[in-house]
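What follows is the residue order along each chain.
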Amino acid sequence: MSIRTATKRALFLGSGLAIALSAAPAFAEAGIGDDAGAETLAGSVTPAASPACDISGTCRFQITPAQLLAKAEALVLAKEFDRARPLVEMLGQVPNLQMQQQFLAGYIAVETGDLKQAIKTFRSLLHENPGQTRVRLELARTYLLSGKEVSADYHFRLAQNDNNLPDEISRTIRNTRSILRDQRVWRFSFDFGFAPDTNINGATNAETIDVNFGAIFPILGDAQGELELDESARQRSGIGQTAGFSGGVRLKASDKLAFLFDADSKIINYQGKDADDFVGQIAVGPELRIARYASVSLQAVGQQRWFGGKLATREYGARVGFQAALSQGQRVGIELDGRRTDSKRSDSFSGWQLGANVTYEHLIGKSLIASASIFGRRDLLTSDAFSSTNYGVNLGIGGELPLGLNAGISGSISRSTFDEAIALYSTEKRKDWRSFGRAYIGSRQIKFLGFSPSIDYNYSRVDSNYDLYQMNRHRVNFKLAKFF
């Protein structure tokens, strides 16, 4: 089944389902000022009563909004769009039928090839009420006809969560989404902005830390004392410029096999170079579809990070991923990652990193996506004092809100335990609690050169039994983002 065929089936299998619009109560009589207009209306809509004519011969028909709406819907379903347009325009005069009028106008636009106007109209309806499944399905179909498969898949997924959809329609949506994922060739997104940050170097705010002088001068035994930290080793604030991109190419080799190439980068630039942070990563490898809605991938991974204007780490390894789409748009993913880290600052930080992550996504209502994940990581580094085990959980929810807004909130908490103590600071092994929170809001309605604005607030905190690693950080990102 082709994408175009699947798309047509997604429109409720042609005209197999009536347009789900409710009729509003009657409103004041609709005046027609001339005989020709009256004749046209009489041929389109059955009046509620006989016409009332004055002495000049001008006749007025009284019709109900329900009658006008019913006739407009009938003409649209019969694809008589030229006859339907004037009736749809008249519906715009009825406050209680604004949603129905805009939906019919959008449907006529997509059916007559004006895809840009159709997207604008359906988007406007969802700005006010993100829970309109019928509208979301039409928006998804229009995006698909426009060649925007990623946007189409997103809206099909949200619409799929409506429990009131007939089973046949739900199956059609799942099949359409499966075809979309199978046919997708590339993706790309880009954002830039600026970020006020209370802790650009991720350092402690303590002025002094406890140290074991005996670790430096054995003759002193277990002598303890305080060491005053230099300003450069303490928390500093600043405003940075940010930019990032994420892209990928999927080359299909057969019905079940494809090759993936993914690239991601994140840049944070502050005044001077000391806290500049640049990260770039690539991943290449095959993807095998093992079931209609499930796939597994194996990719070689390479990453480099520059911090303070110098190469800080180089990583290389592999990752294995599993993705499965469940009923009604739910999704589960598993990722295993193993890589070798070469530190350019100290061999103590070089070694192996092994990680695992399990994520479950669940649709809530008709416009929100909730996610939960558990994760773990094992760092096997040259120095046992920096080797650690980390495990934790992440929860989040986000999606579309009224007024054309996207918003969400997420948070994670994890525990890190280290293999050995750092003798200079303590005889106890280091143990950390790490927490992170994020809240964001953005506008779907506002566009600037195709970019959408958003604001992210990020909070991170480390509670450690080592004063040197105690840290908290607030950062606000003002961004413009574009998705291709």
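### Structural notes on the overall build of the chain
Consideration 1: In terms of helices and strands, the chain carries nine helices and 18 strands.
Consideration 2: Taken across its 484 residues, the chain has 40% of its residues classed as buried.
Consideration 3: In the chain, 57% of the contacts between residues at least 6 apart in sequence involve partners at least 24 apart.
Consideration 4: Split by element, the accessible area of the chain, about 25000 Å² in all, is 57% carbon and sulfur.

### Here's the deal with the pattern of salt bridges
Consideration 1: Evaluation of the coordinates by the stated rule reveals 31 salt bridges.
Consideration 2: We note a salt bridge from Arg 141 to Glu 111, for which the minimum N-O separation is 2.8 Å. Of this pair, Arg 141 sits in helix α7 (residues 133–145) while Glu 111 sits in helix α5 (residues 98–111); the two residues are 30 residues apart in sequence, bridging distant segments of the chain.
Consideration 3: Glu 111 sits in the partly exposed class, given a relative accessible area of 25%.
Consideration 4: Connected via shared salt-bridge partners are Lys 79, Glu 111, Arg 134, Glu 138 and Arg 141.

### Regarding the environment of Asp 419
Consideration 1: Looking at the secondary structure, you find Asp 419 in the loop between β15 (405–418) and β16 (431–443).
Consideration 2: Sequence separation of Asp 419 and Ser 383 is 36 residues, and the distance between their C-alpha atoms is 9.1 Å.
Consideration 3: Among residues more than four places away in sequence, those in contact with Asp 419 are Arg 378, Asp 384, Ser 387, Ser 388 and Lys 429.

### Re a nonpolar patch on the surface
Consideration 1: A cluster of nonpolar side chains, contributed by Val 185, Trp 186, Phe 188, Phe 245, Val 249, Leu 251, Phe 259, Phe 261, Ile 282 and Val 284, occupies part of the molecular surface with about 890 Å² of accessible area.
Consideration 2: Mapped onto the nonpolar patch, the elements with two or more residues apiece are β3 (186–197), β6 (238–252), β7 (257–269) and β8 (277–291).
Consideration 3: Of the residues forming the nonpolar patch, the biggest block, three residues, is contributed by β6.
Consideration 4: Tracing the sequence through the fold places Phe 261 in strand β7.

### What about the packing of aromatic side chains?
Consideration 1: Tallying each qualifying case throughout the model produces nine aromatic pairs.
Consideration 2: Pairing Phe 190 with Phe 192 gives two aromatic rings, centres 5.9 Å apart and planes at 35 degrees, and the pair type is tilted.
Consideration 3: The rings of Phe 190, Phe 192 and Phe 451 are connected pair by pair, giving a single aromatic cluster.
Consideration 4: The lysine or arginine in question, Arg 174, covers the ring of Tyr 293, its NZ or CZ lying 3.9 Å from the ring centre.
Consideration 5: Here the guanidinium or amino end of Arg 430 rests over the ring plane of Tyr 469, the centre of that ring lying 3.7 Å away.

### Focus: the packing of α5 against helix α6 (residues 115–128)
Consideration 1: Put simply, α5 and α6 touch, their axes get as near as 8 Å, and they point 155 degrees apart. What the angle tells us is that α5 and α6 run roughly antiparallel. Crossing of α5 over α6 shows left-handed handedness. The residues of α6 that touch α5, namely those facing Met 99, Gln 102, Phe 103, Gly 106, Tyr 107, Ala 109 and Val 110, are Leu 115, Gln 117, Ala 118, Thr 121, Phe 122, Ser 124 and Leu 125.
Consideration 2: Within the contact of α5 with α6, the residues separate by chemical class into nine nonpolar, five polar and no charged.

### Regarding the environment of Asn 96
Consideration 1: Turning to its location among the elements, Asn 96 is positioned in the loop between α4 (81–91) and α5.
Consideration 2: Separated by 31 residues in sequence, Asn 96 and Pro 65 have C-alpha atoms that sit 9.3 Å apart.

### Things to note about α7
Consideration 1: Its 13 residues place the ends of α7 18 Å apart at the C-alpha level, agreeing with the 18 Å of an ideal helix rising 1.5 Å per residue.
Consideration 2: Extensive coverage of α7 is indicated by the burial of 12 of its 13 residues.
Consideration 3: Those residues of α7 that sit buried are Thr 133, Arg 134, Val 135, Arg 136, Leu 137, Glu 138, Leu 139, Ala 140, Arg 141, Thr 142, Tyr 143 and Leu 144.
Consideration 4: Two residues or fewer after α7 comes Gly 147, characterised by a positive phi angle close to 85 degrees.

### What about a positive patch on the surface?
Consideration 1: A surface patch of like charges, here positive, comprises Lys 116, Lys 120, Lys 148 and Lys 447.
Consideration 2: As for its placement among the helices and strands, Lys 116 is situated in helix α6.
Consideration 3: Note on Lys 116: relative accessible area 73%, which makes it exposed.

### Brief notes about the confidence of the model for the chain
Consideration 1: Model confidence for the chain is summarised by a mean pLDDT of 83, while 85% of its residues fall at 70 or above.
Consideration 2: Residue range residues 1–49 is modelled with pLDDT below 50. Its contacts to residues more than four positions away, or to other chains, number 105 contacts.

### As for the environment of Lys 252
Consideration 1: You can see Lys 252 is positioned in strand β6.
Consideration 2: Sequence separation of Lys 252 and Pro 286 is 34 residues, and the distance between their C-alpha atoms is 9.6 Å.
Consideration 3: Among all residues touching Lys 252, those that are not within four sequence positions of it are Asp 182, Gln 183, Leu 257 and Ala 258.

Calculation notes
- Residues numbered from 1 in each chain as written.
- Predicted model: local features only at pLDDT ≥ 70, side-chain atom pairs only at ≥ 80, totals over all residues.
- Heavy atoms only, no water.
- Helix = DSSP H or I, 4+ residues; strand = E, 2+ residues; numbered from the N terminus.
- Buried < 20%, exposed > 50% of the residue type's maximum accessible area, 1.4 Å probe, protein only.
- Contact = heavy atoms within 4.5 Å.
- Areas by Shrake-Rupley, 256 points an atom, 1.4 Å probe, with all protein chains shown as cover.
- Salt bridge = Lys/Arg side-chain N within 4 Å of Asp/Glu carboxyl O.
- Patch = residues over 30% accessible without salt bridge, like charges linked within 9 Å, V, L, I, M, F, W, Y side chains within 5 Å.
- Phe/Tyr/Trp six-rings, centres within 6.5 Å; stacked < 30°, edge-to-face > 60°.
- Lys NZ or Arg CZ within 6 Å of the ring centre and 35° of its normal.
- Axes fitted to C-alpha atoms, helices over the stretch in contact; angles between N-to-C directions.
- Parallel < 35°, antiparallel > 145°, perpendicular 65-115°, else oblique.
- Left-handed = near helix turned anticlockwise from the far one by under 90°.
- Nonpolar A, V, L, I, M, F, W, Y, C, P; charged D, E, K, R; others polar.
- Expected span 1.5 Å × (residues − 1).
- Lys, Arg positive; Asp, Glu negative; His and termini not counted.
- Charge placed at Lys NZ, Arg CZ, Asp CG, Glu CD.
- pLDDT = per-residue confidence, 0-100.

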